[in-house]
Amino acid sequence: MHNIYKISWFLRFLILWPFLRFRGFPSYIGKPIFLLGLSRLNIGRRVRIFPGMRMEVFDTGKLVISDGVAIAQNFHVTCKDSIVIGAGTCIAANVCVTDIQHQYQGHAGLNILGNEDVSIPTIIGENCFIGFGAVIDAGSVLGDGCIVGANAYVRGCFPPRSIVASSRAKKVSSYEQT
């Protein structure tokens, strides 16, 4: 039964094939909720995206999902500038990644959406693990091999092999490569 789903996801990838900028093969995409800016999505080889993805790549934005990335269900990504997800990265369910910061100027009665957004490139290194429910905020940089704990809010730059966790992620430890 599981293979039937994968076959339908692969067929969906083939249908989306003409709209993608870079077409890694073989890859599969589960049934998405919403897709915007497919022509600005660069997808590598052997990328696996499970159902429920919401992807918004605006204007001149560029989303790069490198080779061998696995993304669980309900992935939400919004991009106006640049988001890069490095090769071999594994992203758990219900994760949000963005390069957009909403600005609030403090004007009484002005909706936050009435202010101009600021876009700051976001980079997730190679062979990272992003835990369930994490949020990777605009301008964050995760070095190769970083581990992000479940429900972490990540904002900032973290060196390779950092383990980050908490409601506002901070470096809590390092590990040696073996």
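What counts, and where the lines are drawn
- Residues numbered from 1 in each chain as written.
- Predicted model: local features only at pLDDT ≥ 70, side-chain atom pairs only at ≥ 80, totals over all residues.
- Heavy atoms only, no water.
- Pairing = 2+ DSSP bridges.
- Helix = DSSP H or I, 4+ residues; strand = E, 2+ residues; numbered from the N terminus.
- Buried < 20%, exposed > 50% of the residue type's maximum accessible area, 1.4 Å probe, protein only.
- Polar contact = N/O pair within 3.5 Å; in protein donor to acceptor, adjacent residues only side chain to side chain.
- Contact = heavy atoms within 4.5 Å.
- Core = buried A, V, L, I, M, F, W, Y, C linked by side-chain atoms within 4.5 Å.

Caption draft 1: Examining the sheet that holds strand E12 (residues 96-98) more closely. Strands sit in the order E3-E6-E9-E12-E17-E20 across an open sheet of six strands; the sheet is parallel. The open sheet has two edge strands with one neighbour each: strand E3 (34-36) and strand E20 (153-154). Sheet topology note: the strand E9 (residues 76-79)/E12 ladder contains three bridges and is parallel. Bridged to histidine 76 within E12 is cysteine 96.

Caption draft 2: Structural context of the side chain of serine 140. If you trace the backbone, serine 140 turns up in the loop between strand E17 (135-136) and strand E18 (141-142). The class of serine 140 is buried, set by a relative accessible area of 0%. At 2.9 Å, the side chain of serine 140 and the backbone oxygen of aspartate 137 are in polar contact. Not counting residues within four places of it along the chain, the set of residues in contact with serine 140 comprises Pro121, Thr122, Ile123, Val154, Arg155 and Gly156.

Caption draft 3: Here's a closer look at the nonpolar core. Formed by 35 residues in total, the largest nonpolar core has its most connected members in Ile65, Phe75, Ile130 and Leu142. The set of elements that each furnish at least two residues to this core consists of helix H1 (2-16), strand E4 (41-43), strand E6 (54-57), strand E7 (62-65), E9 and strand E10 (82-85). For isoleucine 130, the residues in contact, after removing those within four places along its chain, are Cys90, Ile91, Ala92, Val95, Ile124, Ile136, Leu142 and Val148.

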